[in-house]
Amino acid sequence: MQKVMILDVYPDNSNKSCKDTGGGYGTSHDYGDSFFSSFIRLLVRKNVSFPPLYLPYVITHLENQGLEVNVEMNYHEEFSADYFIVISSIIAHELEIELIKALKKRTDKILVLGAFARFNSQLYENAGAKVLKSEPEIYLNSHSFISLFEGVETHQTQTFNNQLTLPKPKWDKLIDLYQCKLGFLSFKKVVPIALSKGCPFSCSVYCTYPLEQGSKVRVRDIDEVCNEITYIKNEYGIDNFLFRDPVFTMNRAKVFEFCESIIQSGIKIQFAMETHLKLLDEELIQVMSRAGLRLIYVGVESSSDEVCEEQGRYTIEHSKQVEMIKLLEKYKVNVKIMYIIGFPSEHKKDYELNKKLAKKFNPLYIQLNIFTPYPGTQVYDSLKNQVTSERFMDFNQSNLVFAHKNYTKEEVRKMISEFYIDFYIRFGWFIKFISSTIRRIKDGLYGRS
Ligand code: SF4
């Protein structure tokens, strides 16, 4: 049997790194430079980890095609394999290129997967690898892996739709390796899954999700998603799921159908997802909560209307944001708000407004990302002459990588550190944390029994 070795390398630092986030380019967070930042970094690194979502499906495809598959996070010369797959990202880009060059000394059969390579293929091809320019879990559904090394060219395709059936994902080689956890949701194992792909919103000027998944929203067959959940529960004993859809509630009717289906089937799960506050209402929150929604990520990005407008990010009034967060909490859904610090037009007053309103919103968690112009996006084209970083690995949302007109790199890092302290070291947050913890324990020790 021919062997495939999948290699997924990460920077050797204490950051929380993931190649599935940031539209498949990956993110690597260090939370700033203060003592409190180190504390958050340690907590999050120990409690959040999962692989790119396409990986378990790719393993299934390869095994179904008669190949033996192994996955490793470190490369050793003694590894024996007929084919190597390298998982691409921006956050480990230079390491991946070094790895390809080392592999190239022993074989030509190197394939690179993932969004960063798909949209920056030349970088990997110049190092000697072949790049799969389609979504891997979809391409390998109907194409032979080995034929990729026989001169078959691949192109950007986004064919994932209601007609496509994805195989049952094989998680056995990934659960221990990646640990598969999301402590914000549960201390039990958590695996990623998706109901849909694609995002049509205009913030695609800076966001990589529409680049990775297209602007057309493609929803999976609801029965298939429910069957996949049942299979993962029965096969691996996992009942916690992180939906990786860029905007989970984009298709309200399908979300309803999915939740009703979970409720009627009696499957007990907990799940987390990400969406826009504008795409929520009480009826929808109620049904999602009944189906097991316990954590929601919402990207407020910036509380400044001017900053949002300049980046094509639509938003809702601050009073409506507060109302929606309260409604979510009423239905036992914890909220994590994500902010971007260092938008090109941002001033210190906008940052101060973010800090002030974050405390007013008082979600259970916040996450701060430093604005990053990603290659392939419109904003990168407009800022590429101002890029100050020489390594793609610095494009990790923890560094300012371009010359900002109002901030220095050091100032932004200081702002991040101060924002976390200002938000979390508060009586109001402590009360929120205690009440949420009591509720979660009552709900079955951070997991429904
Ligand atoms: S809503 Fe905007 S930020 Fe969110 S995935 Fe879509 S384009 Fe990206």
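Residues numbered from 1 in each chain as written. Predicted model: local features only at pLDDT ≥ 70, side-chain atom pairs only at ≥ 80, totals over all residues. Heavy atoms only, no water.

Asks: Even after reading the chapter, I still don't get the overall build of the protein, so can you show me in this structure?
Replies: Counting secondary structure elements, the protein contains 17 helices and 18 strands. Computed over the C-alpha atoms, the radius of gyration of the protein is 21 Å, within 12% of the 22 Å expected from 2.2 N^0.38 for a compact globule of 449 residues. Overall, the C-alpha framework of the protein stretches about 60 × 55 × 35 Å when taken along its three principal axes. Burial status across the protein gives 61% buried among its 449 residues. Taking as baseline every contact in the protein between residues at least 6 positions apart, the subset at least 24 positions apart corresponds to 76%. Accessible area for the protein stands at about 18,100 Å²; split by element, carbon and sulfur atoms hold 51% of it. Once the 56 positive and 55 negative side-chain charges of the protein are each reduced to a mean point, those two points are 5 Å apart. (Helix = DSSP H or I, 4+ residues; strand = E, 2+ residues; numbered from the N terminus. Rg over C-alpha atoms; globule rule 2.2 N^0.38 Å. Buried < 20%, exposed > 50% of the residue type's maximum accessible area, 1.4 Å probe, protein only. Contact = heavy atoms within 4.5 Å. Areas by Shrake-Rupley, 256 points an atom, 1.4 Å probe, with all protein chains shown as cover. Lys, Arg positive; Asp, Glu negative; His and termini not counted. Charge placed at Lys NZ, Arg CZ, Asp CG, Glu CD.)

Asks: Before we go on, may I ask you to explain the pairing of strand β5 (residues 68-72) in this structure?
Replies: Within a regular strand, the side chains alternate between the two sheet faces. Residues Val 69 and Val 71 point to one face of β5 and are all buried, whereas Glu 68, Asn 70 and Glu 72, pointing to the other face, are not buried. Relative to β5, strand β1 (residues 3-7) runs parallel, the two being bridged by five bridges. Counterpart to Ile 6 in the pairing with β5 is Val 71. (Pairing = 2+ DSSP bridges.)

Asks: Sorry, what's going on with the domain arrangement of the protein here?
Replies: Interface size, as often reported, equals the accessible area lost upon joining of the parts. Here the protein is described as being made up of domain 1 (3-39 + 51-149) and domain 2 (180-442). With 37 residues of domain 1 at the interface, the matching set in domain 2 holds 35 residues. Summing both sides of the interface, domain 1 and domain 2 together bury roughly 2,800 Å²; the carbon and sulfur share of this comes to 56%. Ranking the residues of domain 1 by area buried against domain 2 places Phe 36, Leu 53 and Ile 90 at the top, with a combined share of 19%. In this assembly, domain 1 and domain 2 are joined by six salt bridges. Lys 197 serves as the salt-bridge partner of Glu 135, at 2.8 Å between the closest nitrogen and oxygen. The interface formed by domain 1 and domain 2 contains 19 residue pairs in polar contact (both at pLDDT 80 or more). Contributing elements (two or more residues each) for the side of domain 1 that touches domain 2: β3 (27-29), α1 (35-47), α3 (93-104), α4 (115-119) and α6 (136-142). For the side of domain 1 that touches domain 2, the residue count by class is 16 nonpolar, 14 polar and seven charged. (Domains from an automatic or database assignment. Buried area = accessible area lost by both parts, 1.4 Å probe. Salt bridge = Lys/Arg side-chain N within 4 Å of Asp/Glu carboxyl O. Polar contact = N/O pair within 3.5 Å; in protein donor to acceptor, adjacent residues only side chain to side chain. Nonpolar A, V, L, I, M, F, W, Y, C, P; charged D, E, K, R; others polar.)

Asks: How should the sheet that holds strand β9 (residues 181-182) be read in this particular structure?
Replies: Strand pairing in a sheet relies on backbone hydrogen bonds. The paired strands run either parallel or antiparallel. Spatially, three strands are ordered β4-β9-β10 in an open sheet, and the strand pairing comes out antiparallel. Each edge of the open sheet carries a strand with a single partner, namely β4 (48-49) and β10 (186-189). Note: β4 against β9, two bridges, orientation antiparallel. When the bridges of β9 are listed, Val 48 appears paired with Leu 182.

Asks: Even after reading the chapter, I still don't get a nonpolar patch on the surface, so can you show me in this structure?
Replies: Side chains of Phe 427, Phe 430, Ile 431, Phe 433, Ile 434 and Ile 438 sit close together on the surface and give an oily, nonpolar patch of about 570 Å² of accessible area. With respect to the helices, strands and loops of the structure, Phe 427 is situated in helix α17 (residues 427-442). Classification of Phe 427 by relative accessible area gives exposed; the value is 63%. (Patch = residues over 30% accessible without salt bridge, like charges linked within 9 Å, V, L, I, M, F, W, Y side chains within 5 Å.)

Asks: Could you clarify how one ought to interpret the site of the ligand in this entry?
Replies: Around the ligand sit Cys 199, Phe 201, Cys 203, Ser 204, Cys 207, Tyr 209, Pro 210, Pro 246, Val 247, Glu 301 and Arg 313, and that is every residue in its neighbourhood. For the shell around the ligand, the class distribution of residues is eight nonpolar, one polar and two charged. (Near = heavy atom within 4 Å.)

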